[in-house]
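# Summary of structural features
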Amino acid sequence: MPHHKSASKRLRQGEVRRQRNVHFRSTMRSAIKKVRVALEEGDVPKAQTLLAEATQVIDSTRSHGVIHARNASRKISRLTRAVNAKAS
């Protein structure tokens, strides 16, 4: 338990940020999974629309500082390559 007022505030802030990060990360993973499932089903047009949505979600997660910029770039790149390979 914190012994100072400022320490208890930091504890509360950390918990709020942790919950927010969990939400962003979960939303991002769900968006990525939707694209992968569409690719497995062979529905390329659906995968392309879901890819645009997933890209926005990944960028949003990056801009909030939940994941590193290179990590976001790598995820977007791999998803895009998978969709393009299936499309051709």
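Read on for an overview of the structure. (Residues numbered from 1 in each chain as written. Predicted model: local features only at pLDDT ≥ 70, side-chain atom pairs only at ≥ 80, totals over all residues. Heavy atoms only, no water.)

### Comments concerning the pattern of salt bridges
Charged atoms that come close allow side chains of opposite charge to pair. A full pass over the atoms with the stated rule returns 2 salt bridges. Residue glutamate 15 pairs with arginine 18 through a salt bridge whose shortest N-O separation is 2.9 Å. Here glutamate 15 and its partner arginine 18 are both found in helix α1 (residues 5–41), 3 residues apart, which amounts to about one turn of the helix. Given a relative accessible area of 37%, glutamate 15 falls into the partly exposed group. Since its relative accessible area comes to 43%, arginine 18 is described here as partly exposed. We note a salt bridge from aspartate 59 to arginine 62, for which the minimum N-O separation is 3.9 Å. Of this pair, aspartate 59 and arginine 62 both sit in helix α2 (residues 44–63), 3 residues apart, roughly one helical turn. (Salt bridge = Lys/Arg side-chain N within 4 Å of Asp/Glu carboxyl O. Helix = DSSP H or I, 4+ residues; strand = E, 2+ residues; numbered from the N terminus. Buried < 20%, exposed > 50% of the residue type's maximum accessible area, 1.4 Å probe, protein only.)

### Regarding α1
With 37 residues, α1 extends 54 Å between its outermost C-alpha atoms, agreeing within 8% with the 54 Å of an ideal straight helix rising 1.5 Å per residue. Inspection of α1 places Phe24, Met28, Ala31, Ile32, Val35, Ala38 and Leu39 among the buried residues, and these make up the whole buried set. In the core, the buried residues of α1 are packed alongside α2 and α3 (69–87). Two residues or fewer after α1 comes glycine 42, characterised by a positive phi angle close to 85°. (Expected span 1.5 Å × (residues − 1). Contact = heavy atoms within 4.5 Å.)

### Topic: the packing of α1 against α2
Packing of α1 against α2 leaves a shortest axis separation of 9 Å and a crossing angle of 160°. Between α1 and α2, the angle is such that the two are roughly antiparallel. Note on packing geometry: the crossing formed by α1 with α2 is left-handed. Counted together, Phe24, Thr27, Met28, Ala31, Ile32, Lys34, Val35, Ala38 and Leu39 of α1 and Lys46, Ala47, Leu50, Leu51, Ala54, Val57, Ile58, Ser60 and Thr61 of α2 form the full contact between these two elements. For the contact of α1 with α2, the class distribution of residues is 13 nonpolar, 3 polar and 2 charged. (Axes fitted to C-alpha atoms, helices over the stretch in contact; angles between N-to-C directions. Parallel < 35°, antiparallel > 145°, perpendicular 65-115°, else oblique. Left-handed = near helix turned anticlockwise from the far one by under 90°. Nonpolar A, V, L, I, M, F, W, Y, C, P; charged D, E, K, R; others polar.)

### Quick word on the packing of α2 against α3
Close contact between α2 and α3 brings their axes to 10 Å; oriented N to C, the two are set at 175°. Put simply, α2 runs roughly antiparallel to α3. Along its contact with α2, which presents Val44, Ala47, Gln48, Leu51, Ala54, Thr55, Ile58, Asp59 and Arg62, the element α3 presents Ala69, Ala72, Lys75, Ile76, Leu79, Thr80, Val83, Lys86 and Ala87. In terms of residue class, the contact of α2 with α3 is made up of 11 nonpolar, 3 polar and 4 charged.

### Here's the deal with a positive patch on the surface
Residues Lys5, Lys9, Arg10, Arg12, Arg17 and Arg20 make up a contiguous surface patch of positive charge. Within the secondary structure layout, arginine 17 lies in helix α1. Take arginine 17: its relative accessible area is 43%, and that puts it in the partly exposed class. (Patch = residues over 30% accessible without salt bridge, like charges linked within 9 Å, V, L, I, M, F, W, Y side chains within 5 Å. Areas by Shrake-Rupley, 256 points an atom, 1.4 Å probe, with all protein chains shown as cover. Lys, Arg positive; Asp, Glu negative; His and termini not counted. Charge placed at Lys NZ, Arg CZ, Asp CG, Glu CD.)

These values are about where atoms sit, not about what they do.
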